[in-house]
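As a plain string of letters, each chain reads:
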Amino acid sequence: ATPYQGDVTSLSQGGQYAATAPRIRTIRLSDLHRALRLGWEDFKALPSHAIILCVIYPVLGLVLARFVHGYSLLPLLFPLAAGFALLGPFAALGLYELSRRRELGEEPSAWDAIDVLRSPSFGAMLGLGTILFALFVTWIYTAQAMYVAAFGYETAAGIPDFAKRMLTTPQGWWLIVAGCSVGFLFALVALCISVVSFPMMLDRHSTAGEAMVTSLRAVARNPIPMAAWGLIVAVLLVLGSAPFFLGLAVVIPLLGHATWHLYREVIVPDPTARPVIPPARPRKPAADFPANLFPWRRKDDA
């Protein structure tokens, strides 16, 4: 086990959560490096699986870029790209499952990532994911309103015209500063409520409320490392988005795996917990394909 400094804390609240509140470690910046290193090792061990799970990101990015360019909505290109940071924690659920199973000594496959859908806490994950999606939509509307406030409803003629507006006019300078500041606030909210929430729900089957409270406690306990983690995520997403979003095929799985290991660094494991692994899916012969669609008919015939 990695040594940690600082005492373990717990939150005294009423109800069952107070008695079972996860204990939080005080981590150092070196622990972030360890989480990234372990995440990279997971990615190298499962490269095809991770890329298959995350290929939707660069594809979606290319579609969004074409949509923005084709419909003269260039002002939304950067907000849409930045929105990956808000939705990423939920979209990486399958990657957490792969890292969890590899941690248990298994050799996970792509199908194991889908098993997260059968987790007892998937409903809670979906609830928090809905909150993050609402945050994403609010951010897009806010960014659009700020652009309209600066330049009105007149659209840019193309990329050169848009770049000239943003980089050579006072309105563009204001929009860059204000947009980055407001975007930082949205990213901060997402980080505080989700930095360890989804791995915790997957690992401990906690409720969304318990997971968010624990995430807030983790950020409060480790403000500097968590701020550094948020900066790392932002920088990697920018680097991954630069070459037509193709780099996200590497960045997203790396961050997903690393987030699981960050959770392990921050939250003290429950010594009484036992890993819950969904039962293996029965293999069905291809010859039985039509009948497999109607399992109740097979029971009736028997």
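Our subject is the structure listed above.
Residues numbered from 1 in each chain as written. Predicted model: local features only at pLDDT ≥ 70, side-chain atom pairs only at ≥ 80, totals over all residues. Heavy atoms only, no water.

Comments concerning unusual backbone geometry
- The backbone of histidine 205 shows a phi angle near 55°, a positive value even though the residue is not glycine.
- Locating histidine 205 in the fold gives a position in the loop between helix 12 (197-204) and helix 13 (208-221). (Helix = DSSP H or I, 4+ residues; strand = E, 2+ residues; numbered from the N terminus.)

Looking at helix 12
- Within helix 12, 6 of the 8 residues are buried, which leaves the element mostly enclosed by the surrounding structure.
- All of the buried residues along helix 12 are Ser197, Phe198, Pro199, Met200, Met201 and Leu202.
- Phi turns positive one or two residues past the end of helix 12, at histidine 205, with a value near 55°. (Buried < 20%, exposed > 50% of the residue type's maximum accessible area, 1.4 Å probe, protein only.)

A word on the packing of helix 7 (residues 93-103) against helix 12
- Between helix 7 and helix 12, the shortest axis-to-axis distance is 10 Å and the interhelical angle comes to 50°. With respect to helix 12, the axis of helix 7 lies oblique. Viewed along their axes, helix 7 and helix 12 form a crossing whose handedness is right-handed. Residues Leu93, Tyr96, Glu97 and Arg100 of helix 7 form the contact with helix 12, whose participating residues are Phe198, Pro199 and Leu202.
- Here the contact of helix 7 with helix 12 is composed, by residue class, of 5 nonpolar, no polar and 2 charged. (Axes fitted to C-alpha atoms, helices over the stretch in contact; angles between N-to-C directions. Parallel < 35°, antiparallel > 145°, perpendicular 65-115°, else oblique. Left-handed = near helix turned anticlockwise from the far one by under 90°. Contact = heavy atoms within 4.5 Å. Nonpolar A, V, L, I, M, F, W, Y, C, P; charged D, E, K, R; others polar.)

A look at the packing of aromatic side chains
- On inspection of all chains with the given rule, the structure shows 7 aromatic pairs.
- Aromatic pair tryptophan 139 and phenylalanine 186: ring centres 5.6 Å apart, planes at 55°, arrangement tilted. Separated by 47 residues along the polypeptide, tryptophan 139 in helix 9 (residues 122-151) and phenylalanine 186 in helix 11 (residues 170-194) bring together distant segments of the chain. Note on accessibility: tryptophan 139 and phenylalanine 186 belong to one class, buried.
- Ring plane angle 35° and centroid distance 6.3 Å describe the contact between tyrosine 147 and phenylalanine 162, whose orientation is recorded as tilted. Taken together, the positions of tyrosine 147 in helix 9 and phenylalanine 162 in helix 10 (residues 159-168) put the pair 15 residues apart, joining distant regions of the chain. Phenylalanine 162 shares its class with tyrosine 147; the two are buried.
- Grouped by ring-pair contacts, the aromatic residues Tyr147, Phe151 and Phe162 constitute a single cluster. (Phe/Tyr/Trp six-rings, centres within 6.5 Å; stacked < 30°, edge-to-face > 60°.)

Focus: the pattern of salt bridges
- Per the stated rule, a full pass over the model turns up 12 salt bridges.
- When the shortest N-O distance is used, the salt bridge between glutamate 265 and arginine 34 registers 2.5 Å. Highlighted residues: glutamate 265 in helix 15 (residues 248-266) and arginine 34 in helix 2 (residues 29-45), separated in sequence by 231 residues.
- Arginine 101 is the partner of glutamate 106 in a salt bridge, and the nearest nitrogen-oxygen pair spans 3.1 Å.
- Here glutamate 106 falls in the partly exposed class, since its relative accessible area comes to 27%. (Salt bridge = Lys/Arg side-chain N within 4 Å of Asp/Glu carboxyl O.)

Let's talk about the packing of helix 12 against helix 13
- For the pair helix 12 and helix 13, the least separation of the axes is 9 Å and the interaxial angle reads 130°. Here helix 12 is positioned oblique relative to helix 13, judged by the angle of their axes. Between helix 12 and helix 13 the crossing geometry is right-handed. The residues of helix 13 that touch helix 12, namely those facing Ser197, Met200 and Met201, are Ala208, Glu210, Ala211, Met212, Thr214 and Ser215.
- Partitioned by chemical class, the residues of the contact of helix 12 with helix 13 number 5 nonpolar, 3 polar and 1 charged.

Thoughts on the nonpolar core
- Core analysis: the biggest nonpolar cluster contains 61 residues, and Met125, Val195, Phe198, Met201, Trp229, Leu262 and Val266 have the highest contact counts within it.
- In contact with methionine 201, not counting residues within four places along its chain, are Ser121, Ala124, Met125, Leu128, Ser206, Thr207, Ala208 and Ala211.
- Counting 10 residues, the second-largest nonpolar core is a separate cluster that includes Leu74, Met146, Ala150 and Ala178. (Core = buried A, V, L, I, M, F, W, Y, C linked by side-chain atoms within 4.5 Å.)

Thoughts on the side chain of arginine 165
- The topology assignment puts arginine 165 in helix 10.
- In this structure arginine 165 comes out as buried when scored by relative accessible area, which is 12%.
- Residues in contact with arginine 165, not counting those within four places in the same chain, are Tyr147, Phe151, Glu154, Thr155, Ala156 and Gly172.

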